[in-house]
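Examining the three-dimensional arrangement
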Amino acid sequence: MTVLIEARGLTKRFVKRPDLAARLAGRLGADVREETVHAVDGVDLAVEKGEVVGLVGESGCGKSTLGRMIAGLLEPTEGEVVFKGHSRSGLSGAEARAVHLAVQMIFQDPYASLNPRARVETIVGEAPRVHGLVPRAKTDAYIDDLLARVGLSGDAKRRFPHQFSGGQRSRIGIARALAVQPEVLVCDEAIAALDVSIQAQILNLFMDLRASLNLTYLFISHDLGVVEHISDRVVIMYLGRVVEMAPTAELFAGPNHPYAQALLAEVPRIDARKRTFEPIKGEIPSPLDPPPGCHFHPRCPRAMPRCCAEAPRLKTIAPGRLSACHLNDA
């Protein structure tokens, strides 16, 4: 298959410089320094056309930041995003606009991501009208078609976001993303705020849209059960780095990295009765001061002296499977 979008060495650091009060305190002897959050650290990820890639990890691991960089909402500190073989940073004018429109994002909170003062017809129809994707005279019919695709009636376009349920607002967010005719959707916890029954409806909608529009998904989620159900391939992140990626069935059948093993061991199973679940020991280190070497070594039960000093590289351990662990070198 053809690689549609690719992250090459993506790194994102957020730097907080001392404000005026901090600088004054520093002159009085306080320990004041510039703080840097290492959100994403050298991630390489290629997504093929028509593929659904699940991106999972603990809160604070950098998966949402990675998704926002791929969607073009954040500029990387280092690295680049390549779309159809062309670096996005090297494009300008109409080419840059076309690439930005081709990758859209669906956000976690279906209410906060919608303008409460705008009617649905504006929320969904403004972008295609501004970018000249549909003539003004055909905008109403275009909006009706989009709403029908996501399971909403045409009269919904006259209403405001607060007049809808959470599931309906999620559908409006999906329709807004589809309005500019994208090829890639980055779904950032797109169903996390919904009831379980509504989650199933939205997941089915995602799959129907994938089939009818040939969409490609980067699906960011905490819910490993959902990721297992929807994804062709799974990528696991820990403290800004990818630690393992593999086809879904192979990963869930036998994870390689110690963090992936610990993460998947805690997934509730109907067939696992009278089992005591044990969380991963220790707290996730602060991205302000990530540990040297392998970021997981302070919590890893199989850590070696080498893990404390040398960051493992992501290596191929089987066809289609990559893992970043020194144990694979033993």
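Before any of the text, the structure's been laid out above.
Let me begin by describing the structure that accompanies this report.

**Regarding the pattern of salt bridges**
- A complete count under the given rule lists 17 salt bridges for this structure.
- The closest approach of N and O atoms between Arg306 and Asp329, which form a salt bridge, is 3.4 Å. With Arg306 in the loop between helix H10 (258-265) and strand S11 (315-318) and Asp329 in the segment after strand S12 (321-323), the pair connects residues that are 23 residues apart, well separated along the chain.
- In this structure, Lys315 and Asp329 form a salt bridge, with 3.0 Å as the shortest nitrogen-oxygen distance. Within this pair, whereas Lys315 is found in strand S11, its partner Asp329 is found in the segment after S12, the two being separated by 14 residues in sequence.
- For Lys315, a relative accessible area of 37% translates into the label partly exposed.
- Among the charged side chains, a network of salt bridges with common partners joins Arg306, Glu310, Lys315 and Asp329.

**So, the sheet that holds strand S4 (residues 78-83)**
- In space, the four strands of this open sheet follow the order S2-S1-S4-S5, with antiparallel pairing throughout. Of all strands in the sheet, those with a lone pairing partner are strand S2 (35-48) and strand S5 (86-87), marking the two edges.
- Pairing analysis gives ten bridges linking strand S1 (residues 3-16) to S2, with the strands arranged antiparallel. Within S2, the position partnered with Lys12 by the bridge is Val40.

**Details of the sheet that holds strand S9 (residues 233-238)**
- As summarised here, the arrangement of the eight strands in space is S6-S7-S8-S3-S9-S10-S12-S11, forming an open sheet in which the pairing is mixed. Of all the strands in the sheet, the pair left with one neighbour each is strand S6 (103-106) and S11. Sheet twist, expressed as the mean angle between neighbouring strand axes with direction ignored, is 25°.
- Contacting S6 and strand S7 (184-188), helix H3 (residues 93-102) crosses the sheet at an angle of about 35° to S6.
- Running at roughly 155° to strand S8 (residues 216-220), helix H7 (residues 196-213) makes contact with strand S3 (52-56), S6, S7 and S8 of the sheet.

**Points about the environment of Leu28**
- Here Leu28 lies in the loop between helix H1 (20-27) and S2.
- With a relative accessible area of 78%, Leu28 lands in the exposed category.
- Residues Leu28 and Ala94 lie 66 residues apart in sequence; the distance between their C-alpha atoms is 53 Å.

**Here we look at the side chain of Arg299**
- Topologically, Arg299 is positioned in the loop between H10 and S11.
- For Arg299, a relative accessible area of 10% puts it in the buried group.

**Description of the nonpolar core**
- Core analysis: the biggest nonpolar cluster contains 37 residues, and Ile174, Phe206 and Phe219 have the highest contact counts within it.
- Among the elements of the structure, helix H4 (120-130), helix H5 (139-149), helix H6 (166-178), S7, H7, S8 and helix H8 (224-230) are those that each provide at least two residues to this core.
- If sequence neighbours within four positions are ignored, Phe206 has contacts with Ile106, Ile174, Cys187, Ala190, Ile191, Tyr217, Phe219 and Ile230.
- The next biggest cluster of nonpolar side chains, apart from the first, holds 32 residues, and it includes Ile70, Val81, Ala102 and Val103.

**A word on the packing of aromatic side chains**
- Under the definition given, this model contains five aromatic pairs.
- Centroid distance Phe206 to Phe219: 6.1 Å. Interplanar angle 80°. Geometry classified as edge-to-face. Of the two residues, Phe206 sits in helix H7 while Phe219 sits in strand S8, which places them 13 residues apart along the sequence. The residues Phe206 and Phe219 share a single accessibility class, namely buried.
- Look at Tyr238 and Phe296: their rings are 5.1 Å apart centre to centre, the planes differ by 80°, and that puts the pair in the edge-to-face class. Of this pair, Tyr238 sits in strand S9 while Phe296 sits in the loop between H10 and S11, and the two are 58 residues apart along the sequence. Both residues of the pair, Tyr238 and Phe296, belong to the buried class.
- When the ring centre of Phe14 is taken as reference, the NZ or CZ atom of Lys12 above it lies at 5.3 Å.
- For the cation-ring pair, Arg159 lies above Phe164, with the distance from its terminal atom to the ring centre recorded as 4.2 Å.

**A closer look at H7**
- With 18 residues, H7 extends 26 Å between its outermost C-alpha atoms, agreeing within 8% with the 26 Å of an ideal straight helix rising 1.5 Å per residue.
- Tucked into the core, H7 has its buried residues touching S6, H5, H6, S7, S8 and H8.
- Asn214 occupies a position one or two residues after H7 and carries a positive phi of about 55°.

**A closer look at the packing of H4 against H6**
- It is at 7 Å that the axes of H4 and H6 come closest, and there the two elements cross at 25°. By the angle between their axes, H4 is roughly parallel relative to H6. Every pair of crossing elements has a handedness; the one defined by H4 and H6 is right-handed. Across the interface between the two elements, Val120, Ile123 and Val124 from H4 touch Ile172, Ala175 and Arg176 from H6.
- A breakdown of the residues in the contact of H4 with H6 according to their chemical character gives five nonpolar, no polar and one charged.

**A look at unusual backbone geometry**
- Of note, Lys84 is a non-glycine position whose phi angle comes to about 55°, a positive value.
- Turning to its location among the elements, Lys84 is positioned in the loop between S4 and S5.

Rules used throughout
Residues numbered from 1 in each chain as written. Predicted model: local features only at pLDDT ≥ 70, side-chain atom pairs only at ≥ 80, totals over all residues. Heavy atoms only, no water. Salt bridge = Lys/Arg side-chain N within 4 Å of Asp/Glu carboxyl O. Helix = DSSP H or I, 4+ residues; strand = E, 2+ residues; numbered from the N terminus. Buried < 20%, exposed > 50% of the residue type's maximum accessible area, 1.4 Å probe, protein only. Pairing = 2+ DSSP bridges. Axes fitted to C-alpha atoms, helices over the stretch in contact; angles between N-to-C directions. Contact = heavy atoms within 4.5 Å. Core = buried A, V, L, I, M, F, W, Y, C linked by side-chain atoms within 4.5 Å. Phe/Tyr/Trp six-rings, centres within 6.5 Å; stacked < 30°, edge-to-face > 60°. Lys NZ or Arg CZ within 6 Å of the ring centre and 35° of its normal. Expected span 1.5 Å × (residues − 1). Parallel < 35°, antiparallel > 145°, perpendicular 65-115°, else oblique. Left-handed = near helix turned anticlockwise from the far one by under 90°. Nonpolar A, V, L, I, M, F, W, Y, C, P; charged D, E, K, R; others polar.

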